[in-house]
Amino acid sequence: MSNATTINMDADPKLAIKAECRNFNFHYGDFQALKGINMPVYDKKITSLIGPSGCGKSTLLRSFNRMHDLYPGNRYGGEIVMHPDNTNLLAKEVDPIEVRMRISMVFQKPNPFPKSVFENVAYSLRVRGINNKSELEDRVQHSLKGAALWDEVKNRLNDLGANLSGGQQQRLCIARALASDPEIILFDEPTSALDPIATASIEELVVELCEKVTILIVTHNMQQAARISDFTAYMYLGELIEYGVTDQVFIKPKNKQTEDYITGRFG
Amino acid sequence: MSASTIVTLPLNQSLDLQVSDRLRKKASRHMKERVIEFLLFGAALISVFTTLAIVYVLVSESWVFFQHVPLKDFLFDTQWTPLFDDAHYGIMVLLSGTLTSSAVALMVALPLGTIIAVYLSEFAPFKVREISKPFLELLGGVPTIVYGYFALVFLTPLLQKIYPDLPGFNLLSAGLVMGVMIIPYVASLSEDAMRAVPMSLREGSYAMGATRLQTSLRVVVPAATSGIASAYILGISRAVGETMILAVAAGMQPNLTFNPADSGATITSYIVQVALGDLPHGSIGYQTIFAAGLTLMLMTLMFNLLGYWLRKRFREVY
Ligand SMILES: Nc1ncnc2c1ncn2[C@@H]1O[C@H](COP(=O)(O)OP(=O)(O)O)[C@@H](O)[C@H]1O
Ligand SMILES: [Mg+2]
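None of these values were measured; they are calculated from a predicted model. (Residues numbered from 1 in each chain as written. Chains lettered and ligands numbered in written order. Predicted model: local features only at pLDDT ≥ 70, side-chain atom pairs only at ≥ 80, totals over all residues. Heavy atoms only, no water.)

Participant: Explain the domain arrangement of chain B residue by residue, including any values.
Facilitator: All names here are of chain B. When cut into domains, chain B gives domain 1 (29-67) and domain 2 (92-314). Placing the centre of domain 1 and that of domain 2 at their C-alpha centroids yields a distance of 29 Å. Contact residues are listed per partner, giving nine residues for domain 1 and eight residues for domain 2. Interface area for domain 1 against domain 2, summed over the two sides, is near 790 Å², with a carbon-plus-sulfur share of 83%. Among the residues domain 1 hides against domain 2, the three largest losses belong to Leu58, Glu61 and Phe65. Together they make up 62% of the total. Where domain 1 packs against domain 2, one counts zero salt bridges. (Domains from an automatic or database assignment. Contact = heavy atoms within 4.5 Å. Buried area = accessible area lost by both parts, 1.4 Å probe. Salt bridge = Lys/Arg side-chain N within 4 Å of Asp/Glu carboxyl O.)

Structure representation (structure tokens):
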């Protein structure tokens, strides 16, 4: 939306756009799930996508790493441009695997591979052809520390990932996403399958991560969006209704629909 | 029986009839369920009883056999000549034929079956899968005697062109054709196991920048290990138990050998041979087939236990 460009940037000199959607449309077969989305994603900030179930949050998120390419019948138009190199991620000549090396993802339900804790994290390195033992060990350890999981699993690196608790599994998935040093990490409702304590630790982790990496997160939990994100986008029926600095969107939403949703009058 | 009493009631009781009819219907429905339950139980009982009966026959007849032939000879003798005057009963001879032909078959069936399963489950477009699965199943439905003659009259002459010393009956071509016969079983079960792997695991792999091949081999196959192991075990059991192909194409000369280029008898082909011949029932020669059958059953049991253990050991936790 046009108000994206009119946000008061609070005189933050470091604020740079990492990626942006330009007139992005998406179809599942004949069903148009996203309509003309224009939205920036700021570098090393947390942007959250909120809106009622089925409004297209996941669809938009998964467009960034071209997950939609996995299924036949999905069509999209417009651009998602990544900066600073100005690459249109959706261009035919751009290899989706290259995109996924730069933009990693954490899913709604923890989905560790049927492998050891170590191999789960090493996976994103091995698929890039990194098989050197000491390099793997260094980077796995670094990623596990980054995901605040190292202390809990350093003595059980050979255990199956599935044997960890739900919250630990989700942090393992975050470590896995971190291992390849991505520029953006996409989170699709990463805490919806977790208890409140595990949720709090993931939230804390996401906030820490944004010092190093740009974060785009879908959440069904408005408090969560308000707590952790710098920017918030409110979507409804495939359209971006409002986008802005989180405080502004929550305190003084410009749009009546947004206000109704945030105050719980519908959604 | 209750239904017929209702029908004969006089008409002036029609109101009563409606009510009681409804109740009776319930009662008769209950009866019906009991009957069905009983039939199902009976069916289950039949299979249990049959198994027990087979075990009983095998064990008791083998018992008679082992009263005449010491177990030590059975296990360690290097000749199998039960019909000669100088009779020897070394099961190793038949076992070597079974193991050699099975090894050849499995070297064909397991790799090819797995590759086909990976292709069908992870790579093939929907249409290709829908078309090729019935063909695969057709391959499994060809009578084994056809495979046997295919080995004898087609494959063996072909192999003889490359390797002229190959005897007309040999374990190699029987094993190869048996492998082709087993491919559909391995492929179909492995494919089912791989398709049961949830999409979320594949998406996790793709999202890490993996290719389709990496996702298939490093995530999907390991996640389907227990199902694939079951498929392999079934393949092994089929190979060990296969009879006609070997009887037709491998010759029936008992031969202690692990060389596939030799001819040889297997446990199963020996049993066919004896059962078809006119041996007097109750003779020791006749009794050998039960001892051989018991050996075969114990082997199959062992593989099934191994399969059970593998399934437990590598049970999928999604
Ligand atoms: N694979 C699909 N095929 C067809 N329609 C889909 C598919 N996935 C999602 N949709 C539809 O697209 C819309 C947006 O879905 P989604 O992005 O998952 O919503 P959200 O994440 O906001 O709950 C919904 O109406 C949903 O029914
Ligand atoms: Mg969603």
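Participant: Kindly report on the layout of surface pockets, identifying the contributing residues and their values.
Facilitator: In this model, the largest pocket occupies a volume close to 420 Å³. Along its surface, the largest pocket is lined by 15 residues, and Leu70 of chain A together with Ser121, Glu122, Ala124 and Arg212 of chain B are the ones closest to its centre. Sorting the residues of the lining of the largest pocket by element identifies helix H4 (91-123), helix H5 (126-141) and helix H8 (199-207) of chain B as the ones contributing at least two each. Broken down by class, the residue content of the lining of the largest pocket amounts to nine nonpolar, one polar and five charged. Taken as a whole, the second largest pocket spans an internal volume of roughly 330 Å³. Elements that contribute at least two residues to the lining of the second largest pocket include exactly helix H4 (133-146) and helix H6 (166-179) of chain A. Ranked by residue count, the leading element in the lining of the second largest pocket is H4 of chain A, at five residues. (1 Å grid on protein atoms, 1.4 Å probe; cavity = no way out; pocket = protein on both sides within 12 Å on 5 of 7 lines; lining within 4 Å. Points joined across faces, edges and corners; volume = space filled by probe spheres on them. Helix = DSSP H or I, 4+ residues; strand = E, 2+ residues; numbered from the N terminus. Nonpolar A, V, L, I, M, F, W, Y, C, P; charged D, E, K, R; others polar.)

Participant: Can you tell me about the interface of chain A and chain B, naming the residues and giving the values?
Facilitator: It is common to give the size of an interface as the accessible area that goes away when the parts come together. Each partner contributes residues to the interface: chain A has 25 residues there, and chain B has 19 residues. Across the chain A-chain B interface, the total number found is one salt bridge. The salt bridge involving Glu203 of chain B is made with Arg62 of chain A; its shortest N-O contact spans 2.7 Å. Linking chain A with chain B are seven residue pairs in polar contact (both at pLDDT 80 or more). Broken down by secondary-structure element, the contributors of at least two residues to the side of chain A that touches chain B are helix H2 (96-102), strand E6 (103-106), helix H3 (117-126) and H6 of chain A. Per-class residue counts for the side of chain A that touches chain B are 15 nonpolar, four polar and six charged. (Polar contact = N/O pair within 3.5 Å; in protein donor to acceptor, adjacent residues only side chain to side chain.)

Participant: Any chance you could break down the side chain of Arg100 of chain A for me, citing the residues and the numbers?
Facilitator: Mapped onto the elements of the fold, Arg100 of chain A is located in helix H2. Despite its burial, Arg100 of chain A remains without a salt bridge, the nearest opposite charge being carried by Asp69 of chain A at 5.1 Å. Not counting residues within four places of it along the chain, the set of residues in contact with Arg100 of chain A comprises Asn65, Arg66, Met67, Asp69, Leu70 and Arg128 of chain A together with Tyr206, Ala207 and Gly209 of chain B. (Buried < 20%, exposed > 50% of the residue type's maximum accessible area, 1.4 Å probe, protein only. Lys, Arg positive; Asp, Glu negative; His and termini not counted.)

Participant: Which residues make up the sheet that holds strand E1 (residues 17-28) of chain A, and what values do they have?
Facilitator: One key point about sheets: their strands pair by backbone hydrogen bonds, in either a parallel or an antiparallel sense. All names here are of chain A. One open sheet holds the four strands; their spatial order is E2-E1-E4-E5, and the pairing between them is antiparallel. One side of each edge strand has no neighbouring strand; the edge strands of this open sheet are strand E2 (31-42) and strand E5 (87-88). Looking at chain direction, E1 and E2 are connected through eight bridges and run antiparallel. Residue pairing across strands places Ile17 opposite Tyr42, the latter belonging to E2. On the sheet, helix H1 (residues 57-64) packs against E1, E2 and strand E4 (74-82) and is oriented at approximately 120 degrees with respect to E1. (Pairing = 2+ DSSP bridges. Axes fitted to C-alpha atoms, helices over the stretch in contact; angles between N-to-C directions.)

Participant: So what's going on with the pattern of salt bridges? Residues and values would help.
Facilitator: All names here are of chain A. On inspection of all chains with the given rule, the structure shows 20 salt bridges over all chains. Among the salt bridges present, the one from Glu183 reaches Arg102, with a minimum N-O distance of 2.7 Å. Of this pair, Glu183 sits in the loop between H6 and strand E7 (184-188) while Arg102 sits in helix H2, placing them 81 residues apart in sequence. Arg171 is the partner of Glu152 in a salt bridge, and the nearest nitrogen-oxygen pair spans 2.8 Å. One end of the pair, Glu152, is in helix H5 (residues 150-153); the other, Arg171, is in helix H6, and 19 residues separate them in sequence. Owing to a relative accessible area of 35%, Glu152 belongs among the partly exposed residues under this scheme. Its relative accessible area of 10% is what places Arg171 among the buried residues. Several salt bridges share partner residues, and in doing so they unite Lys18, Asp85, Arg102 and Glu183 into one network.

Participant: Which residues make up the sheet that holds strand E8 (residues 214-218) of chain A, and what are the values?
Facilitator: All names here are of chain A. Here six strands make up an open sheet; going across it, the order is E6-E7-E8-E3-E9-E10 and the pairing mixed. Edge strands, defined here as strands with exactly one partner in the open sheet, are E6 and strand E10 (239-245). If you compare each strand with its neighbour and ignore which way they point, the axes differ by 20 degrees on average. Here E6 pairs with E7 via four bridges, running parallel. Its bridge partner being in E7, Ser104 is matched across the sheet by Ile185.

Participant: Please give an account of the nonpolar core that cites residues and values.
Facilitator: Grouped burial of nonpolar side chains is what soluble globular proteins tend to show. By size, the foremost hydrophobic cluster in this structure holds 92 residues, and its most contacted members are Met39, Leu60, Phe64 and Leu144 of chain A. Sequence-distant contacts of Leu144 of chain A, defined by excluding residues within four places in its chain, comprise Val117, Val121, Leu149, Trp150, Val153, Leu157, Leu172 and Ala175 of chain A. Formed by 50 residues, the second largest nonpolar core is a distinct cluster that contains Leu58, Ile91, Leu94 and Ala292 of chain B. (Core = buried A, V, L, I, M, F, W, Y, C linked by side-chain atoms within 4.5 Å.)

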